[in-house]
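Observations on chain architecture
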Amino acid sequence: MEYEVRYYYPKTELPNIVEKLKAFTELQESERCYEKTTQFDHPCTEMSFYNKEIDGRFRIRVTKSPSIFQSKISWKRRLPSTSEASVNKEEEIELAIQYEEYDSLLFLINNVLKMKEIESYERYRITFSNQDIEIAVDEYPFGIALEIENKITTKNPEQVVTEWVNRLGLDINKSYKLSWDDKYTELCKNQNIQKFSHVSFDLPMPEVLE
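Quick caveat, the model's predicted, so the values are computed rather than measured.

1. A word on the layout of surface pockets
Looking at the largest pocket, its volume works out to about 830 Å³. Lining of the largest pocket is provided by 40 residues; of these, Arg61, Lys72, Glu94, Arg123 and Arg125 occupy positions nearest its centre. A per-element tally of the lining of the largest pocket places strand 5 (residues 69–78) first, with six residues.

The structure is reproduced here in structure tokens:
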């Protein structure tokens, strides 16, 4: 089970966010990585992961940097309690695969299992972490996301997340409950900008303004 909260900011806030996190000397900073995530749906419409009863995302992700080459499959599903609690509680399962097998995996997903490619997105990610917490700074084409996620199993996960929310001077009641695609869709609608299925840095994008 995953326990996390997330916040969205304008792109101009990136240096300030990173500078604030660097001040926590107990956190280890990662290398900045490029990620591309592709989301697929079940081939049978009646079993769609996107229906309200399931509300899940099946994802394949590739991660690259000068020294990191990774790929993985993941399943993430919002639980009914997500909208009720201050800290998001979500079902998440991840499976690492060899980076060299990424193209073969996509072939199997598309041509053998016949899963439906629904959408994809690009982002750059830096993480600040220790044994208790992982704080990710994600640069999306439409803005910056700050994600605070529990990592330890021997402490109360909600308390761990809440403690770091407070240390960062944030209001947990102002966290964004939904996923990146919900935020992107909301921005496109509010700013009257065309919505793309594949969200990339080379396309016209809305922007987080506050």
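2. So, the environment of threonine 154
By secondary structure assignment, the location of threonine 154 is in the loop between strand 9 (143–150) and helix 3 (157–167). Judged by its relative accessible area of 68%, threonine 154 falls in the exposed class. When the C-alpha atoms of threonine 154 and aspartate 132 are compared, they prove to be 9.2 Å apart, with 22 residues separating the residues in sequence.

3. Topic: unusual backbone geometry
Positive phi, normally seen in glycine, also occurs at aspartate 55, with a value near 50 degrees. Looking at the element boundaries, aspartate 55 is found in the loop between strand 3 (33–41) and strand 4 (56–64). Even without glycine at this site, asparagine 192 takes up a positive phi of about 55 degrees. Note that asparagine 192 resides in the loop between helix 4 (180–191) and strand 10 (198–199).

4. Some words on the pattern of salt bridges
Oppositely charged side chains can form a pair if their charged atoms are brought close together. Scanning the entire structure with this criterion turns up 24 salt bridges. Residues aspartate 182 and arginine 78 are paired through a salt bridge, measuring 3.1 Å at the closest nitrogen-oxygen approach. Highlighted residues: aspartate 182 in helix 4 and arginine 78 in strand 5, separated in sequence by 104 residues. Judged by relative accessible area, which is 22%, aspartate 182 ranks as partly exposed. We classify arginine 78 as buried; its relative accessible area is 16%. A salt bridge links arginine 125 to glutamate 147, with the shortest nitrogen-to-oxygen separation between them at 3.7 Å. Taken together, the positions of arginine 125 in strand 7 (residues 116–129) and glutamate 147 in strand 9 put the pair 22 residues apart, joining distant regions of the chain. Counted as one network, the salt bridges with shared partners bring together Glu2, Glu4, Arg6, Glu35, Arg61, Lys76, Glu90, Arg123, Arg125, Asp138 and Glu147.

Rules of the game
Residues numbered from 1 in each chain as written. Predicted model: local features only at pLDDT ≥ 70, side-chain atom pairs only at ≥ 80, totals over all residues. Heavy atoms only, no water. 1 Å grid on protein atoms, 1.4 Å probe; cavity = no way out; pocket = protein on both sides within 12 Å on 5 of 7 lines; lining within 4 Å. Points joined across faces, edges and corners; volume = space filled by probe spheres on them. Helix = DSSP H or I, 4+ residues; strand = E, 2+ residues; numbered from the N terminus. Buried < 20%, exposed > 50% of the residue type's maximum accessible area, 1.4 Å probe, protein only. Salt bridge = Lys/Arg side-chain N within 4 Å of Asp/Glu carboxyl O.

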